[in-house]
Amino acid sequence: MATEIERTLIEETVKTLNTYYVEAEKIGGQSYLEGCLACATAYFIFLCMETRYEKVLKKISGYIQEQNEKIYAPRGLLLTDPIERGMRVLEISVFEDRGSGSSSPSSSMSSEGSSAR
């Protein structure tokens, strides 16, 4: 992947994402108030309002979309939102130029799957 994108760009993206996640996990007055309101209303309050955590997750999704448009997509890469992978990994997909090949995705399947009957 070193040929598609500079290491510093990936590092900057990861640092920014880590900063956002630290912000989301920070416990302060607002988090405490949300917890108290949730208990007092039997958690019905969350039907009416977004939590601070949800707001930061939306900010992260917007940041990832922006990074994909400006940095990753022009280089044939796609950064996947970690929330889509259970917050376990930061996935960067590499798109190959398949304009020269004439094979379809179905013809590239292994023969092992078709021989088992």
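Keep in mind that this is a model prediction, so the values were computed, not measured. Once a new chain begins, its residue numbering starts again from 1 and follows that chain's sequence as written. Only residues with pLDDT of at least 70 are given local features in this predicted model, and only at 80 or more are side-chain atom pairs given and counted; all residues enter the totals for whole chains, interfaces and linings. For side-chain calculations, the full set of non-hydrogen atoms in the structure is used, while hydrogens and water are omitted.

(A) Structural context of the overall build of the protein chain. Counting from the N terminus, the helices are the DSSP runs of H or I reaching at least four residues and the strands are the DSSP runs of E reaching at least two. Of the regular secondary structure elements, the protein chain holds four helices and two strands. Three exposure classes are used, based on accessible area relative to the maximum for each residue type with a 1.4 Å probe and protein chains only: buried under 20%, partly exposed in between, and exposed over 50%. Expressed as a percentage of the 117 residues in the protein chain, the buried residues total 23%. Note on contacts: a residue pair qualifies if any of its non-hydrogen atoms lie within 4.5 Å across the two residues. Of the contacts made within the protein chain by residues no fewer than 6 positions apart, 52% connect residues no fewer than 24 positions apart. Accessible surface computed for the protein chain: about 8,800 Å², of which carbon and sulfur atoms make up 56%. To be clear on the numbers: accessible area is Shrake-Rupley with a 1.4 Å probe, and residue cover counts the displayed protein chains and nothing else.

(B) Inspection of helix H1 (residues 7–25) at higher detail. For a helix, the expected span equals 1.5 Å multiplied by the number of residues minus one. In this model, H1 (19 residues) spans 27 Å end to end at C-alpha, consistent with the 27 Å of a helix rising 1.5 Å per residue. Among the residues making up H1, those that are buried are Thr13, Thr16, Leu17, Tyr20, Tyr21 and Ala24. The arc that holds the buried residues of H1, viewed along the axis, is 140°, so those residues lie on one side. Those residues of H1 that are exposed and angled more than 90 degrees off the buried face are Arg7, Thr8, Lys15, Thr19, Val22 and Glu25. When we speak of the arc, we mean the arc of directions from the helix axis to the C-beta atoms.

(C) View of the packing of aromatic side chains. Only Phe, Tyr and Trp rings take part, Trp by its six-membered ring, and two of them pair if their centres are within 6.5 Å. Stacked means planes under 30 degrees apart, edge-to-face means over 60, and tilted covers everything else. Applying the stated criterion across every chain, the model contains two aromatic pairs. With a centroid separation of 5.7 Å and 65° between ring planes, the pair formed by tyrosine 20 and tyrosine 63 is classed as edge-to-face. Of this pair, tyrosine 20 sits in helix H1 while tyrosine 63 is found in helix H3 (residues 52–72), placing the two residues 43 residues apart along the sequence. As far as burial versus exposure is concerned, tyrosine 20 and tyrosine 63 are alike and both buried. Measuring from ring centre to ring centre gives 6.0 Å for tyrosine 43 and phenylalanine 46, while their planes differ by 40°; the resulting arrangement is tilted. The exposure class assigned to tyrosine 43 is exposed, which follows from its relative accessible area of 52%.

(D) Local environment of the side chain of glutamate 34. Here glutamate 34 shows up in helix H2 (residues 29–40). By the counting rule applied here, Lys and Arg register as positive and Asp and Glu as negative, while His and the ends of each chain are not counted. What counts as a salt bridge is simple: a side-chain nitrogen of Lys or Arg found within 4 Å of a carboxyl oxygen of Asp or Glu. Here glutamate 34 is buried and forms no salt bridge, its nearest opposite-charge partner lysine 55 lying at an N-O distance of 5.9 Å. Residues contacting glutamate 34, with those up to four places away along its chain left out, are Phe46, Met49, Glu50, Thr51 and Arg52.

(E) Inspection of the packing of H1 against H3 at higher detail. Think of each axis as a best-fit line through the C-alpha atoms, taken over the contacting stretch in the case of a helix, with angles from 0 to 180 degrees between the N-to-C directions. Relative orientation of the contacting elements H1 and H3 amounts to 170°, with a least axis distance of 9 Å. When the interaxial angle is binned, H1 and H3 end up roughly antiparallel. Across the interface between the two elements, Leu9, Ile10, Glu12, Thr13, Thr16, Leu17, Tyr20, Tyr21, Glu23, Ala24 and Glu25 from H1 touch Arg52, Tyr53, Val56, Leu57, Lys59, Ile60, Tyr63, Ile64, Gln67, Ile71 and Tyr72 from H3. Broken down by class, the residue content of the contact of H1 with H3 amounts to 14 nonpolar, three polar and five charged. In what follows, roughly perpendicular refers to angles from 65 to 115 degrees, roughly parallel to angles under 35, roughly antiparallel to angles over 145, and oblique to any angle outside these ranges. Three classes are used: nonpolar for Ala, Val, Leu, Ile, Met, Phe, Trp, Tyr, Cys and Pro, charged for Asp, Glu, Lys and Arg, and polar for all others, with Gly counted as polar.

(F) Seen up close, the nonpolar core. Put simply, buried Ala, Val, Leu, Ile, Met, Phe, Trp, Tyr and Cys residues joined by side-chain atoms within 4.5 Å make one nonpolar core. Of all hydrophobic cores here, the largest spans 14 residues; its most connected members are Leu17, Ile60 and Tyr72. For this core, the elements supplying multiple residues, two or more each, are H1, H3 and strand E1 (77–80). Sequence-distant contacts of leucine 17, that is, excluding residues within four places in its chain, are made with Ile60, Tyr63, Ile64 and Leu90.

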